[in-house]
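# Topology and contacts: notes
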Number of protein chains: 2
Amino acid sequence: MATFYGIGIGPGDSELVTVKAKNILQTLDILYTPEAKRGSKSVALTIASPYVSDHLEIKQRHFPMVRSLEKKEPQWEQIAAEIVEDVKAGKNVGFITLGDPMVYSTYSYLLRLIGDGINTQTIPGITSFGSMASVLGQPLTMDEESFAVVPATAEADKIDQALAIHDTVVIMKVARHLDVVLPLLEKHNLIEKTFLVSHASTDKQKILYGVSELTVDDKLDYFTTLLVKKHPLG
Amino acid sequence: MATFYGIGIGPGDSELVTVKAKNILQTLDILYTPEAKRGSKSVALTIASPYVSDHLEIKQRHFPMVRSLEKKEPQWEQIAAEIVEDVKAGKNVGFITLGDPMVYSTYSYLLRLIGDGINTQTIPGITSFGSMASVLGQPLTMDEESFAVVPATAEADKIDQALAIHDTVVIMKVARHLDVVLPLLEKHNLIEKTFLVSHASTDKQKILYGVSELTVDDKLDYFTTLLVKKHPLG
């Protein structure tokens, strides 16, 4: 039966795609890819490209990355309608997302807008923070420990509480929010227990251990994540 | 250069292994697999078996799953020493773990015990909770949301606080700890917003939405996880 597949293609290294994602990519009729800025090449498509056949129809679509739901929802609705139409016409359709489709992904919205009218399947992917932990050789969690994933754009109070209760805290989307994050790391005495990683698992990968050199005015790359570990291994 | 690879083989479906894990498995000389009980077949090995050649030497080793570090550490030290010896003899050696090697895995201890004397590489895997979210079509996190992963064996106070502050909470190892977990879900009025999944992505998969039928005396399967979602999609 014709199906819409949401496919996580992992953090950057094409080999960190699952065998299932690879197999599905090879049998698709149409692939939708997100384009953050009009005309820009899709990072997700570059990662998936080793598994994509020359005959595949690629539909690059612009998803506005703005906070206002009113601004972005109409465009997403249009893409959702287009996908439903393609699947109802008997096509196997894929939508690829960086990392995992269920972690900070536009795919969640698409899935809600598409609803139950067509067959859908979601293929999980390796997350950026999962990849980071492996690169660093630092467990996200052991034994009775807990960990949390918090965006730097959340309320400061929430980040504060997460740092208070969990053994490991991953802070995502940190690029332009060091003014919020650094004082909180300072407060909890965790500046020296923070790993900074950008572009995990790609050839642009950068790692810092201890972030005392950062200042609130620093502008970091969009793909920068902090891994705060109260009990680092080793 | 001969290397020790820690390989995440995902939650259960052999297709949810990454291409990288598959490629490495196919080139190993020796594979160590964990055996929870003496004589039992390794679940991890069953998942990896499509990618394992007939020539591979398999060393199934018993890791005692007890809380006491004094009881288990000597056996782990012995296995770590054996691995180091194999790699120093020029062999490519793998150790497979269910899910991700950096999430509640014995591999973390091995890595610490092995230290810097040999070349090591960790390959991330799809976690059980990542797979659950895809199966359920329920995002772990969207927009400004946060999520936490907490073991049911943690202090009740920690689970309580995690349920208070995060939008999504994954509660692992829940099988014999419903006496702690159910009252907390009740307290936060989240009984009806809790998904129960066991054996995600395998043919034994079971799903429950809303856990009002559970009682503190129920004994659940070891591979049971709860996904508590304050704002379920749908």
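Position numbers for residues start from 1 in each chain and track the written sequence from start to end. Following the order in which they are written, the chains are lettered starting with A and the ligands numbered starting with 1. In view of the model being predicted, local features appear only for residues whose pLDDT reaches at least 70, and side-chain atom pairs are presented and counted only at 80 or more, with totals across whole chains, interfaces and linings using the full set of residues. Excluding hydrogens and water, the side-chain figures rest on all heavy atoms present in the structure.

## Some points on the relation of the copies chain A and chain B
Here the copies are matched by least squares. The fit uses the C-alpha atoms of residues with pLDDT of at least 70 in both. Placing chain A over chain B gives an RMSD of 0.0 Å and needs a rotation angle of 180°, together with 0.0 Å of translation along the axis. The operation mapping one copy onto its partner corresponds to a two-fold rotation axis. Any two residues having at least one pair of non-hydrogen atoms within 4.5 Å are treated as being in contact. The overlap is high: 98% of the interface residues of chain A also sit at the interface in chain B, so the same surface is used on both sides.

## Topic: the side chain of glutamate 145 of chain B
For helices the rule is a DSSP run of H or I covering at least 4 residues; for strands it is a run of E covering at least 2, with both sets numbered from the N terminus onward. Relative to the elements of secondary structure, glutamate 145 of chain B occurs in the loop between α5 (128-136) and β6 (147-151). Here's how the labels work: a residue is buried when its accessible area is under 20% of the maximum for its type, exposed when over 50%, partly exposed in between, all with a 1.4 Å probe on protein chains only. Charge assignment: positive for Lys and Arg, negative for Asp and Glu; neither His nor the chain ends contribute. A carboxyl oxygen of Asp or Glu within 4 Å of a side-chain nitrogen of Lys or Arg is what we treat as a salt bridge. We note that glutamate 145 of chain B is buried and unpaired, the nearest opposite charge coming from lysine 229 of chain B at a distance of 4.3 Å. Once residues within four sequence positions are removed from consideration, glutamate 145 of chain B is found in contact with Tyr104, Pro151 and Lys158 of chain A together with Leu140, Asp167, Thr168, Lys229 and His231 of chain B.

## Some thoughts on the pattern of salt bridges
Residues and elements named next belong to chain A. The tally for this structure, following the rule as stated, stands at 14 salt bridges over all chains. Residue aspartate 160 pairs with lysine 187 through a salt bridge whose shortest N-O separation is 2.7 Å. Residue aspartate 160 is located in helix α6 (residues 156-165), and its partner lysine 187 is located in helix α7 (residues 178-187); the two are separated by 27 residues in the primary sequence. Three or more residues are tied together by salt bridges with common partners; here these are Lys59, Arg61, Glu82 and Asp86.

## Some remarks on helix α4 (residues 107-114) of chain A
Across the 8 residues that make up α4 of chain A, a large majority, 6, are buried. Immediately downstream of α4 of chain A, the backbone of glycine 115 of chain A shows phi near 70°, a positive value.

## A closer look at the interface of chain A and chain B
Taken together, the contacts link 56 residues of chain A with 55 residues of chain B. Put simply, buried area is how much 1.4 Å-probe accessible surface two parts lose in total, over both of them, once they are put together. Here chain A and chain B share an interface that buries about 4500 Å² over both sides, 60% of which is from carbon and sulfur atoms. Under the rule applied, a polar contact is a pair of N or O atoms within 3.5 Å (in protein, one hydrogen donor and one hydrogen acceptor; residues adjacent in sequence only if both atoms are side-chain atoms). Counting every contact that joins chain A to chain B gives 29 residue pairs in polar contact (both at pLDDT 80 or more). Secondary-structure elements contributing two or more residues to the side of chain A that touches chain B are α1 (19-27), α4, β5 (119-123), α5 (128-136), β6 (147-151) and α6 of chain A. Each residue gets one of three labels, nonpolar for Ala, Val, Leu, Ile, Met, Phe, Trp, Tyr, Cys and Pro, charged for Asp, Glu, Lys and Arg, and polar for the others, Gly among them. When its residues are assigned to classes, the side of chain A that touches chain B shows 26 nonpolar, 16 polar and 14 charged.

## Examining the packing of helix α6 (residues 156-165) of chain B against helix α7 (residues 178-187) of chain B
All names here are of chain B. Between α6 and α7, whose axes approach to 10 Å, the crossing angle comes to 35°. Helix-helix and strand crossings are classified by hand; for α6 and α7 the assignment is right-handed. Of the residues in α7, those touching α6 at Ala156, Ile159, Asp160 and Leu163 are Val180, Leu184, Leu185 and Lys187. Here the contact of α6 with α7 is composed, by residue class, of 6 nonpolar, no polar and 2 charged. A fitted line through C-alpha atoms serves as each axis, taken over the contacting stretch for helices, and the angle formed by two N-to-C directions is quoted from 0 to 180°. In this scheme the crossing of two helices becomes right-handed for a clockwise turn of the near helix relative to the far one and left-handed for an anticlockwise turn of less than a right angle.

## Observations concerning the sheet that holds strand β2 (residues 30-35) of chain A
Residues and elements named next belong to chain A. Strand pairing is defined by DSSP finding a minimum of two bridges between the two strands. If you walk across this open sheet you meet the 5 strands as β3-β2-β4-β1-β5, and the pairing is parallel. Since the sheet does not close on itself, it has two edges, and those belong to β3 (57-62) and β5, each with one partner. Strand after strand, the sheet turns through a mean of 20° between neighbouring axes, direction not considered. In this sheet, β5 lies alongside strand β1 (residues 3-8) in parallel orientation, the contact comprising 5 bridges. Its bridge partner being in β5, isoleucine 7 is matched across the sheet by isoleucine 123. The sheet strands contacting α4 are β1, β4 (93-97) and β5, and the helix crosses β5 at an angle near 165°.

## Re the side chain of lysine 59 of chain B
Assignment of secondary structure puts lysine 59 of chain B in strand β3 (residues 57-62). When sequence neighbours within four positions are dropped, the list of residues in contact with lysine 59 of chain B reads Ile30, Leu31, Tyr32, Thr33, Glu82 and Asp86 of chain B.

## Focus: the confidence of the model for chain A
Confidence scores here are pLDDT values: one per residue, from the predictor, ranging 0 to 100. Scored by pLDDT, chain A has a mean of 92; 97% of the residues are at 70 or more. ipTM for the predicted complex: 0.94, alongside a pTM of 0.95.

## Examining the nonpolar core
Phe4, Ile83 and Phe129 of chain A together with Phe4, Ile83 and Phe129 of chain B are the most contacted members of the largest nonpolar core, which has 74 residues in total. With residues up to four places along the chain from it excluded, the contact list for phenylalanine 4 of chain B reads Ile83, Val87, Val93, Gly94, Phe95, Tyr107, Leu110, Ile114, Ile118, Asn119, Thr120 and Gln121 of chain B. The nonpolar core is taken to be a set of buried Ala, Val, Leu, Ile, Met, Phe, Trp, Tyr and Cys residues, with the residues joined through side-chain atoms within 4.5 Å. Membership of the second largest hydrophobic core comes to 50 residues, among which are Leu163 of chain A together with Ala154, Ile171 and Leu190 of chain B.

## Points about the environment of leucine 214 of chain B
Residues and elements named next belong to chain B. With respect to the helices, strands and loops of the structure, leucine 214 is situated in the loop between β9 (206-209) and β10 (224-229). Residue classification places leucine 214 among the buried positions, given a relative accessible area of 15%. A C-alpha to C-alpha distance of 33 Å links leucine 214 and tyrosine 107, two positions 107 residues apart in sequence. Excluding its chain neighbours within four sequence positions, the residues that come into contact with leucine 214 are Leu178, Leu182, Leu196 and Leu220.

## Describing the sheet that holds strand β4 (residues 93-97) of chain B
Residue and element names in this part refer to chain B. Pairing in this open sheet of 5 strands is parallel, and the strands run β3-β2-β4-β1-β5 from one edge to the other. Since the sheet does not close on itself, it has two edges, and those belong to β3 and β5 (119-123), each with one partner. Put simply, the sheet's adjacent strands are angled 20° from each other on average, direction ignored. Where strand β2 (residues 30-35) lies against β4, 3 bridges are found, and the strand directions are parallel. Paired with leucine 31 across the bridge in β4 is glycine 94. Against the sheet, helix α1 (residues 19-27) engages β1 (3-8), β2, β4 and β5, with an angle of about 135° to β1. Running at roughly 165° to β5, helix α4 (residues 107-114) makes contact with β1, β4 and β5 of the sheet.

## A few points about a nonpolar patch on the surface
Here the term patch refers to residues with relative accessible area over 30% and no salt bridge, with like charges joined within 9 Å and nonpolar side chains (Val, Leu, Ile, Met, Phe, Trp, Tyr) within 5 Å. In this description, accessible areas are obtained by the Shrake-Rupley approach with a 1.4 Å probe, and a residue is regarded as covered only by the protein chains that are shown. On the surface, a nonpolar cluster with roughly 380 Å² of combined accessible area is contributed by Val43, Leu98, Tyr222 and Phe223 of chain A. Within the element layout of this structure, leucine 98 of chain A appears in the loop between β4 and α4.

## So, the packing of aromatic side chains
Centre distance and the angle of the planes are the two values used to describe a pair of aromatic rings. Note on aromatic contacts: the rings of Phe and Tyr and the six-membered ring of Trp form a pair at centre separations within 6.5 Å, being stacked when their planes are under 30 degrees apart, edge-to-face when over 60 apart, and tilted otherwise. For the structure on display, the rule yields 13 aromatic pairs over all chains. When the ring of phenylalanine 147 of chain A is compared with that of phenylalanine 129 of chain B, the centres are 6.2 Å apart and the planes differ by 55°; the resulting orientation is tilted. With phenylalanine 147 of chain A in strand β6 and phenylalanine 129 of chain B in helix α5, this residue pair bridges two chains. Phenylalanine 129 of chain B carries the same exposure label as phenylalanine 147 of chain A, and that label is buried. With 6.3 Å between their ring centres and 20° between their planes, phenylalanine 95 of chain B and tyrosine 107 of chain B make a pair best called stacked. Of this pair, phenylalanine 95 of chain B sits in strand β4 while tyrosine 107 of chain B sits in helix α4, placing them 12 residues apart in sequence.

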